[in-house]
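Each chain, written out:
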Amino acid sequence: GSPGSVLEVRGLTLGYGRTDAVKGIDLDVADGAVVSLIGANGAGKTTTLRGLSGLLRARSGSVKFAGAEMAGQSAYKIARAGIVQVPEGRQVFANMTIDENLRMGAYLVADAAEIQRRRQGVLDRFPRLGERLQQLAGLLSGGEQQMLAMGRALMADPKLLLLDEPSMGLAPLFIEEIFQIIRALKAERRTILLVEQNAQAALEVADHAYVLETGRIKLHGPAAEIANNPEVIAAYLGAA
Ligand code: ATP
């Protein structure tokens, strides 16, 4: 495989019914890197993440994570291996408290002291959550729910964090805050695969980027290079 890649995707095909939504893609994520996957509505970005986390079974291809084959494994086994997804639209447990949501993120951890340590780390990172631990998650604003969803994922101490459209539908101030958190996670050498429609911000934060079009990788390269590509500028970054 590629040196330094913790995730190596080869020829991954995913679909629904008779249609393939993701058509044989190759993708690499280096250990400690932030990789952005950008593309229009319906390009297959969410489908790709669902394939990587095992929520959708690969039709063909290979997903090697830290050298082990994940394609065909259950979502449970993939989570145990350290791939954790923050789903599109947050999907927090609305009728549970913030604290209960966070603890759910560590469902694979038995050691109470370890859970406590991780919880404190999340509360340090998201002070807003700490102020309302007993509040129902469903009562939070969209931005706060996104933070809770990210905090819940971090409770699993993921080796690869999959973020699906974290800025979607949020007010500008929250978008800035979410990207600040992604930058902080990057500084800590967390490995992240980020799906975003906000291509500008996604390319700014990333080391490497992939452009997905109708289920195929159209372009990939260093994020700065992708951000300067005329086709990318025309299609995703506004007028050239
Ligand atoms: P978006 O930003 O709108 O989520 P996306 O790039 O994430 O776009 P996907 O959601 O992965 O795109 O969708 C890829 C294709 O698969 C689209 O044609 C979509 O209509 C189709 N698709 C997605 N989910 C399903 C489903 N559950 N059943 C059938 N087709 C689906």
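As shown above, the structure is provided for reference.
Keep in mind that what you see is a predicted model, and the values were worked out from it rather than measured. (Residues numbered from 1 in each chain as written. Predicted model: local features only at pLDDT ≥ 70, side-chain atom pairs only at ≥ 80, totals over all residues. Heavy atoms only, no water.)

S.K.: Any chance you could break down the environment of Ala149 for me, citing the residues and the numbers?
M.R.: Tracing the backbone shows Ala149 in helix α6 (residues 142-154). Here the alpha-carbon distance between Ala149 and Gln91, two residues 58 residues apart in the chain, equals 7.2 Å. Beyond its immediate sequence surroundings of up to four residues, Ala149 is in contact with Val86, Arg90 and Val92. (Helix = DSSP H or I, 4+ residues; strand = E, 2+ residues; numbered from the N terminus. Contact = heavy atoms within 4.5 Å.)

S.K.: Run through the packing of α6 against helix α7 (residues 172-187), naming residues and quoting values.
M.R.: Two numbers describe how α6 lies on α7: the axes approach to 10 Å, and their chain directions differ by 15 degrees. It follows that α6 is roughly parallel to α7 by the angle criterion. Once α6 is placed against α7, the crossing between them reads as right-handed. Contact residues: Gly143, Glu144, Gln146, Met147, Met150 and Leu154 in α6; Phe174, Glu177, Ile178, Ile181, Ile182 and Leu185 in α7. Among the residues forming the contact of α6 with α7, the class breakdown is 8 nonpolar, 2 polar and 2 charged. (Axes fitted to C-alpha atoms, helices over the stretch in contact; angles between N-to-C directions. Parallel < 35°, antiparallel > 145°, perpendicular 65-115°, else oblique. Left-handed = near helix turned anticlockwise from the far one by under 90°. Nonpolar A, V, L, I, M, F, W, Y, C, P; charged D, E, K, R; others polar.)

S.K.: I'd love a proper account of empty space enclosed by the protein, names of residues and values included.
M.R.: The final tally for this structure, using the stated rule, is 1 cavity of 30 Å³ or more. Considering only enclosed or pocket space, the largest cavity measures out at about 40 Å³ in volume. Around the largest cavity, the lining residues are Gly51, Gly54, Leu56, Arg57, Ala58, Met70, Ala71, Gly72, Gln73 and Ile78. Taken together, the residues of the lining of the largest cavity sort by class into 5 nonpolar, 4 polar and 1 charged. (1 Å grid on protein atoms, 1.4 Å probe; cavity = no way out; pocket = protein on both sides within 12 Å on 5 of 7 lines; lining within 4 Å. Points joined across faces, edges and corners; volume = space filled by probe spheres on them.)

S.K.: A description of the site of the ligand should follow, citing residues and the corresponding values.
M.R.: The local shell around the ligand holds 13 residues, among which Asn41, Gly42, Lys45, Thr46 and Thr47 are the closest. Residue Lys45 places a main-chain N or O atom 2.9 Å away from an oxygen atom belonging to the ligand. At 3.4 Å, a side-chain N or O of Glu165 approaches an oxygen atom of the ligand. For the ligand, whose unbound accessible area comes to 620 Å², protein coverage reaches 57%. The leading source of residues in the shell around the ligand is helix α1 (residues 45-52), at 3 residues. (Near = heavy atom within 4 Å. Polar contact = N/O pair within 3.5 Å; in protein donor to acceptor, adjacent residues only side chain to side chain. Areas by Shrake-Rupley, 256 points an atom, 1.4 Å probe, with all protein chains shown as cover.)

S.K.: Requested: an account of the sheet that holds strand β2 (residues 19-30), with residues and values cited.
M.R.: Hydrogen bonds between backbone atoms are what pair the strands of a sheet, whose relative direction is either parallel or antiparallel. Pairing within the open sheet is antiparallel, and its 4 strands lie in the order β2-β1-β4-β5. Strands with a single pairing partner mark the edges of an open sheet, and in this sheet they are β2 and β5 (68-69). In terms of strand pairing, strand β4 (residues 60-65) meets β5 through 2 bridges, oriented antiparallel. By the bridge assignment for β5, Lys64 is matched with Glu69. Against the sheet, α1 touches β1 (5-16), β2 and β4, its axis set at about 115 degrees to β1. (Pairing = 2+ DSSP bridges.)

Purely geometric stuff here, so don't read any function into it on its own.
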